[in-house]
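Observations on the model geometry
Spelled out, the chains give:
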Amino acid sequence: MREPTHLVHKYLRSSKRFPHIWCSGCGIGIFMQALIRVIDREGYGKDDIVLISGIGCSGRLPVYVDFNTLHTTHGRALTFATGIKLANPRLKVITVMGDGDAVAIGGNHFIHAARRNVEITSFILNNNVYGMTGGQTSPTTPYGAITTSSPYGNLEPDFDICRLAEAAGAVFVARSTVYHTRLLERLIGQALQKKGFAMVEVVSHCVIHAGHFLKLKSPVEMMKWQKDNSVTVEKAKQLSDAELEGKLVIGVLADRERPNYHEQYHRLHGEKSKA
Amino acid sequence: MPSWCTKMKKVARKQVLLQGNEACAEGALMAGCRFYAGYPITPATEIMEIMARKLPEAGGVFIQMEDEIASLGAAIGASLAGSKSMTATSGPGFSLMQEHIGFACMAEVPCVIVDVMRGGPSSGLPTQPSQSDVMQARWGTHGDHPIIALAPSSVYDFFELTVQAFNLSERYRTPVILLVDEVVAHMREGVVLPTRDNLEIEERPRPTVPPEWYIPYADPGTGVPTMPAFGDGYRYHVTGLYHDVRGYPTVRTDEVEPLIHRLFTKISKDFDRLQWFDAYETDDARVTIIAYGCVARAALRAVQQAREKGLKVGLVNLKILWPFMRRTIVEVLENSAKVLVPELNIGQISREVKRVNQSRCEVATLNKVDGTPIKPAEILQTLEEIYP
């Protein structure tokens, strides 16, 4: 218990009124813990980290941790992050968004942040539903799912967030579930080290609003589902498309180098000021 | 010399020919703006183009974003990281920015937004002058909130008020809007710009206590909490939710109401300082024109012509539209038999004038919304018709 206690004291805000707002069994806490562990292990300074969120259950994450924290508007965390990183490139800029947050209302900002390649480490907590507002269909809700806004079944196909990020130009794209905590920590560490726009999709679970359409009744069942339905990138290469249907491919999906925006900009700025 | 104007030292300086939008960019740079995020839109684009060229030389950052929502988001982010920041747009983009104007009001993040107005609604009249965003500037974002909006009527004004917009924004930690019409934005005038030493440049109040004593949204007595930059060692929380003095979300009635009241009173306590206008021939005026922007230019000419004809008329040229200068306007209403409010909209400032009038005098309007400026002759004709 020494490590958790140490981390709680070091990283959670003692002045913040707890308990947190998340439901029992929610996956967000697992991610938050993983993020804190990695930050501690890698030795990032608390003063240098800016943790930015949008709106929704994931939007409430930054307030609990002792960094520079910013709870922005729905879908727009990446726009604030862009301004912060460009104004002070020394800062480690991290965003946490939900699925509706990042790829519905924030979809435009998401693809352009990936294309622009400002160094932002982004995490998308994908629980396949709008949780805070009571279980409406999100862009990652499975086709046919019954939700409070699709009472006769969802008519829309779901987004593959990782493929979207990769196509838009993100230099690091990875996926884990909150069940696979060791993998999750490894991916968080790799994403934080990337000098460009990095995105990790963190498949989580909303037992209150998404459990029923996945026919899963408890957090434990939902996490077992994550375990049973995931295949690693390595294993996925040996499987056919039919065999991969409905599976979550976890691991690093893209890792490439491309000049990032702010380094190019500041190089240009250096040349300009000399001229 | 009006109170809002820079008092320049008497040193010979060169006159330069500047476009309004160029003067705005010059003012921003001189005020210390080091971050610009924007999206192209007529008739505001020149500001962005100039900032794209000049900011790197000044050690600042320019970025073209994917839309106007993102532009103001990035500007707010940069401001939180310690840079004075701005964006510029026109009506349709200004509509998109409303979400983040509300955020900047609530989280108290300084930023400057230029709206070079066009006729609306919707795509409207992109290249024609208009003053139809006056109410959007006031109430465009949802919820009760204070706002500051300035209105230049010449190229020099645009320079000066841009500097002042940054000052007010920093002083009160609030978004400040520059409401400009296409005439002022695009015309060229010879101006003598002050040097940086001639200008009073204000900076946001910074914390003087060590980080462990810092309470981010505590009122230090001025109504304006101190503000460190992200990365300065003062780790604090910023949110668009109602928050307590530590910045943490709250729904406690004893925390919610004091916050909204403080947001208003931090500006309203200074209403007496925020009466910025130019007055011409108002001392003995029987009819006083209340105007702003390019309409005030036509009104000035009309006043001169009316005086030649022996009519006792005057002009008050408003530099601040919001908060509405009630004190100044009431004085005008009390000292005139009639007031004329010409505007390039269906009647937005005249509505406010009538609201504070309380039957003190007769308020006449002259509204034009066909995309052309109001001509001096049109104002003169109206003056002759209503002259008591």
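To keep things clear, this report deals only with the structure shown in the data block. On a predicted model such as this, the values are computed, not experimentally measured, just so you know. (Residues numbered from 1 in each chain as written. Chains lettered and ligands numbered in written order. Predicted model: local features only at pLDDT ≥ 70, side-chain atom pairs only at ≥ 80, totals over all residues.)

**Thoughts on the pairing of strand β5 (residues 111–117) of chain B**
Residues and elements named next belong to chain B. What counts here: Residue burial is a threshold on neighbouring C-beta atoms within 10 Å of the residue's own C-beta, all placed from the backbone, with 20 or more meaning buried, 12 or fewer meaning exposed, and counts in between meaning partly exposed. Per the convention used, a helix needs a DSSP run of H or I reaching at least four residues, while a strand needs a run of E reaching at least two, with both numbered from the N terminus. Strands are treated as partners if at least two bridges between them are detected by DSSP. The path from the first strand over the helix to the second decides the hand: if it runs clockwise while the strands point away from the viewer, the crossover is right-handed.
Across the 7 residues that make up β5, a large majority, 7, are buried. The two faces of β5 match: C111, I113, D115 and M117 on one face and V112, V114 and V116 on the other face are all buried. Note: strand β4 (residues 84–89) against β5, 4 bridges, orientation parallel. Looking across to β5, one finds that T87 is bridged to I113. Note on the crossover from β4 through helix α4 (residues 91–107) to β5: the handedness is right-handed. Examined bridge by bridge, β5 and strand β7 (residues 175–181) share 7 bridges and lie parallel to one another. Counterpart to D115 in the pairing with β7 is L179.

**Digging into the nonpolar core**
Heads up, the condition is: Connectivity within a nonpolar core runs through C-beta atoms within 7 Å, and the core itself is a set of buried Ala, Val, Leu, Ile, Met, Phe, Trp, Tyr and Cys residues. Contact criterion: two residues are in contact if their C-beta atoms, reconstructed from the backbone, are within 7 Å.
Residues I84 of chain A together with V114, L179 and A299 of chain B are the most contacted members of the largest nonpolar core, which totals 200 residues. With 10 residues, helix α6 (residues 155–172) of chain B is the largest single contributor of residues to this core. In this view, I84 of chain A contacts V50, L91 and V93 of chain A together with G77, A78, L80, A81 and F230 of chain B; residues no more than four positions away in its chain are not counted.

**As for the sheet that holds strand β12 (residues 313–318) of chain B**
Across a sheet, strands are paired by hydrogen bonds formed along the backbone, either parallel or antiparallel in direction. Residue and element names in this part refer to chain B. To keep things clear, this is the line we draw: Helix axes are fitted to C-alpha atoms over the stretch in contact, other axes to C-alpha atoms as well, and angles between N-to-C directions run from 0 to 180 degrees.
The sheet built from 5 strands is open, its strands ordered β10-β12-β11-β14-β15 with mixed pairing. Only two strands of the sheet have a single partner each, and these edge strands are β10 (277–280) and β15 (362–367). If you compare each strand with its neighbour and ignore which way they point, the axes differ by 20° on average. The pairing of β10 with β12 spans 4 bridges and is antiparallel. Along β12, the bridge assignment pairs D278 with N317. Packing against the sheet, helix α10 (residues 326–335) makes contact with β10, β11 (287–291), β12 and β14 (338–343), and its axis sits at approximately 155° to β11. On top of the sheet, helix α11 (residues 349–357) reaches β11, β14 and β15; it is set at about 155° to β14, its chief contact.

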